[in-house]
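Residues per chain are reported as follows:
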Amino acid sequence: FLNGEETAAQIEAAIAYANAPSYKIRVECDEGCGAIVTNSILYKKVTDSFEVEFKIADGWQFSNWKAYSRTTGGSLTELSSDYISFSNYNTSAADGVYKTRVKFNKYTSGIVIKPVCQELPIIVSYSPENTKTAFVSEPILINFNIPMEAASTTRDNSLFKYGNIS
């Protein structure tokens, strides 16, 4: 009932795993978009699987998860699934908590896992305000909390391709 070769291989694999180094993985999110629910600093070994959770703030929308490598200068470079892979993540959550299963496939320095979120536009002001009479030629100005387009967007690339919208 015991297979000597198989048992020896299992013991060798267990010893190799026990002797393998643990690496620091940071879990963080952009300021204002929410908070990491799980520990923000994890120590994991290559081949480990683990779960991370994030609670989104009001006024934001969750998209997906990404892994990065942080350089000594602090900039982030996106990592491929060769290093970190994600599975079973939810893209909608009534309670605002998004989680995913993470597989640590290959080591590189400065691994950071982040939820990708977008701030939702909110109207902060408009004009004319509270007027009962308005003229057809009077412009309507709507201001949002975030830019609707980059300042460098050309008229041809604009979302607003109407002669009466600018």
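Refer to the structure printed above.
Just so you know, these numbers come straight off a predicted model, no measurement behind them. (Residues numbered from 1 in each chain as written. Predicted model: local features only at pLDDT ≥ 70, side-chain atom pairs only at ≥ 80, totals over all residues. Heavy atoms only, no water.)

What follows covers the overall build of the protein. Regarding its fold elements, the protein presents one helix and eleven strands. Overall, the protein shows an N-to-C arrangement of helices and strands of α-β-β-β-β-β-β-β-β-β-β-β. Computed over the C-alpha atoms, the radius of gyration of the protein is 24 Å, more than 25% above the 15 Å expected from 2.2 N^0.38 for a compact globule of 166 residues. For the protein, the spread of C-alpha atoms along the principal axes amounts to about 90 × 35 × 25 Å. Residues classed as buried in the protein amount to 22% of the 166 residues present. For the protein, the accessible surface area stands at approximately 11600 Å², while carbon and sulfur atoms represent 52% of it. Charge-centre separation for the protein: the mean point of 15 positive side chains lies 2 Å from the mean point of 18 negative side chains. (Helix = DSSP H or I, 4+ residues; strand = E, 2+ residues; numbered from the N terminus. Rg over C-alpha atoms; globule rule 2.2 N^0.38 Å. Buried < 20%, exposed > 50% of the residue type's maximum accessible area, 1.4 Å probe, protein only. Areas by Shrake-Rupley, 256 points an atom, 1.4 Å probe, with all protein chains shown as cover. Lys, Arg positive; Asp, Glu negative; His and termini not counted. Charge placed at Lys NZ, Arg CZ, Asp CG, Glu CD.)

Attention shifts here to the nonpolar core. Taken as a class, soluble globular proteins show a tendency for nonpolar side chains to be buried jointly. Phe50, Val52, Phe54 and Ile113 are the most contacted members of the largest nonpolar core, which totals 21 residues. Mapped onto this core, the elements with two or more residues apiece are strand E1 (23–27), strand E4 (49–56), strand E5 (60–70), strand E8 (97–104) and strand E9 (111–119). (Core = buried A, V, L, I, M, F, W, Y, C linked by side-chain atoms within 4.5 Å.)

Further remarks concern the packing of aromatic side chains. Applying the stated criterion to the full structure yields four aromatic pairs. Plain terms: the ring middles of Phe62 and Tyr98 are 4.4 Å apart, the flat faces sit at 20 degrees to each other, and that makes the pair stacked. Of this pair, Phe62 sits in strand E5 while Tyr98 sits in strand E8, and the two are 36 residues apart along the sequence. Per residue, the accessibility class of Phe62 equals that of Tyr98, and both read buried. Among the aromatic residues, those joined into a ring-pair cluster are Tyr23, Phe104 and Tyr107. Seen from the ring of Tyr17, Lys45 lies directly overhead, with NZ or CZ sitting 4.7 Å from the centre. (Phe/Tyr/Trp six-rings, centres within 6.5 Å; stacked < 30°, edge-to-face > 60°. Lys NZ or Arg CZ within 6 Å of the ring centre and 35° of its normal.)

So, about a nonpolar patch on the surface. On the surface, a nonpolar cluster with roughly 570 Å² of combined accessible area is contributed by Ile123, Tyr126, Ile140, Ile142, Phe144 and Met148. Among the secondary structure elements, those contributing two or more residues to the nonpolar patch are strand E10 (123–127) and strand E11 (141–144). By relative accessible area, which is 42% here, Ile142 ends up partly exposed. (Patch = residues over 30% accessible without salt bridge, like charges linked within 9 Å, V, L, I, M, F, W, Y side chains within 5 Å. Salt bridge = Lys/Arg side-chain N within 4 Å of Asp/Glu carboxyl O.)

With that out of the way, let us pick up the state of the cysteines. Within this structure, the stated rule accounts for zero disulfides. Free of any disulfide, Cys33 has its nearest cysteine sulfur in Cys29, 4.2 Å distant. (Disulfide = S-S within 2.5 Å.)

The subject of this paragraph is the pattern of salt bridges. According to the stated counting rule, one finds four salt bridges in the structure shown. Residue Arg70 pairs with Glu28 through a salt bridge whose shortest N-O separation is 2.5 Å. With Arg70 in strand E5 and Glu28 in the loop between E1 and strand E2 (34–36), this residue pair connects regions lying 42 residues apart in the sequence. Residue class for Arg70 comes out partly exposed when judged on its relative accessible area of 27%. Lys114 is the partner of Asp30 in a salt bridge, and the nearest nitrogen-oxygen pair spans 2.6 Å. One end of the pair, Asp30, is in the loop between E1 and E2; the other, Lys114, is in strand E9, with 84 residues separating them in the sequence. A relative accessible area of 39% places Asp30 in the partly exposed class. Judged by relative accessible area, which is 11%, Lys114 ranks as buried.

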